Amino acid sequence: MKIVYSKHADKRINQRGISERVIDYILSYGSCIHTHGNSKFYLKKETIKFLCSEDSIFIKQNEKQLLNTAVVCDENTVITVMKRFKKIRK
């Protein structure tokens with residue numbers, strides 16, 4: 001499935017300096033909660049520790065972004081990318 005980025009998402013990605021590979025990683029391995037009719041994906045510390053054995057170089061280079069970024073999607077469209085400041089509750 002091809003991921004489409006909204007104009008708003010493109011703007012936020014550029015503003016925040018987040019690579020598309022980080023976003024793809026979060027969408028592939030992240031946890032998901034449903035909020036306001038959309039899906040919010042994020043990575044937990046435990047997940048990153050587990051994945052570190054598979055792709056340690058990428059994770060070490062991008063760990064801060066992986067932990068502090070949430071991706072909001074509607075179907076296959078990324079609506080926005082935002083920084084996580086608080087723990088995400090289900």
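All of the points below concern the structure found in this document. (Residues numbered from 1 in each chain as written. Predicted model: local features only at pLDDT ≥ 70, side-chain atom pairs only at ≥ 80, totals over all residues. Heavy atoms only, no water.)

## Some words on the overall build of the protein chain
Helices and strands together make up the secondary structure of the protein chain, namely four helices and five strands. Starting at the N terminus and walking to the C terminus, you meet the elements of the protein chain as β-α-α-β-β-α-α-β-β. Relative to its length of 90 residues, the protein chain is compact, with a C-alpha radius of gyration of 12 Å against a globular reference of 12 Å. Once the C-alpha set of the protein chain is aligned to its principal axes, its extents read approximately 35 × 30 × 30 Å. Counting over 90 residues, the protein chain shows a buried share of 40%. Intrachain contacts of the protein chain at a sequence separation of at least 6 include 57% that bridge at least 24 residues. Within the structure as shown, the protein chain displays about 6,200 Å² of accessible surface, and the carbon and sulfur contribution to it stands at 50%. Side-chain charges in the protein chain split into 18 positive and 9 negative, and the spacing between the mean points of these groups amounts to 10 Å. (Helix = DSSP H or I, 4+ residues; strand = E, 2+ residues; numbered from the N terminus. Rg over C-alpha atoms; globule rule 2.2 N^0.38 Å. Buried < 20%, exposed > 50% of the residue type's maximum accessible area, 1.4 Å probe, protein only. Contact = heavy atoms within 4.5 Å. Areas by Shrake-Rupley, 256 points an atom, 1.4 Å probe, with all protein chains shown as cover. Lys, Arg positive; Asp, Glu negative; His and termini not counted. Charge placed at Lys NZ, Arg CZ, Asp CG, Glu CD.)

## Remarks on the nonpolar core
Counting residues in hydrophobic clusters, the biggest one holds 21 residues, and the most contacted among them are Ile23, Leu66 and Val78. Contributing elements (two or more residues each) for this core: α1 (7-16), α2 (20-29), α3 (45-51), α4 (56-68), β4 (69-74) and β5 (77-83). The element contributing the most residues to this core is α2, with five residues. What Val78 contacts, discounting residues up to four positions off in sequence, is Ile3, Val4, Tyr5, Ser6, Ala9, Leu27, Val71, Val72 and Cys73. (Core = buried A, V, L, I, M, F, W, Y, C linked by side-chain atoms within 4.5 Å.)

## Considering the packing of α2 against α4
Look at α2 against α4: their axes get within 11 Å of each other, and the N-to-C directions meet at 80°. For the element pair α2 / α4, the angle class is roughly perpendicular. Residues Arg21, Val22, Tyr25 and Ile26 of α2 touch α4, and the partners they reach there are Phe58, Ile59, Asn62, Gln65 and Leu66. Broken down by class, the residue content of the contact of α2 with α4 amounts to six nonpolar, two polar and one charged. (Axes fitted to C-alpha atoms, helices over the stretch in contact; angles between N-to-C directions. Parallel < 35°, antiparallel > 145°, perpendicular 65-115°, else oblique. Nonpolar A, V, L, I, M, F, W, Y, C, P; charged D, E, K, R; others polar.)

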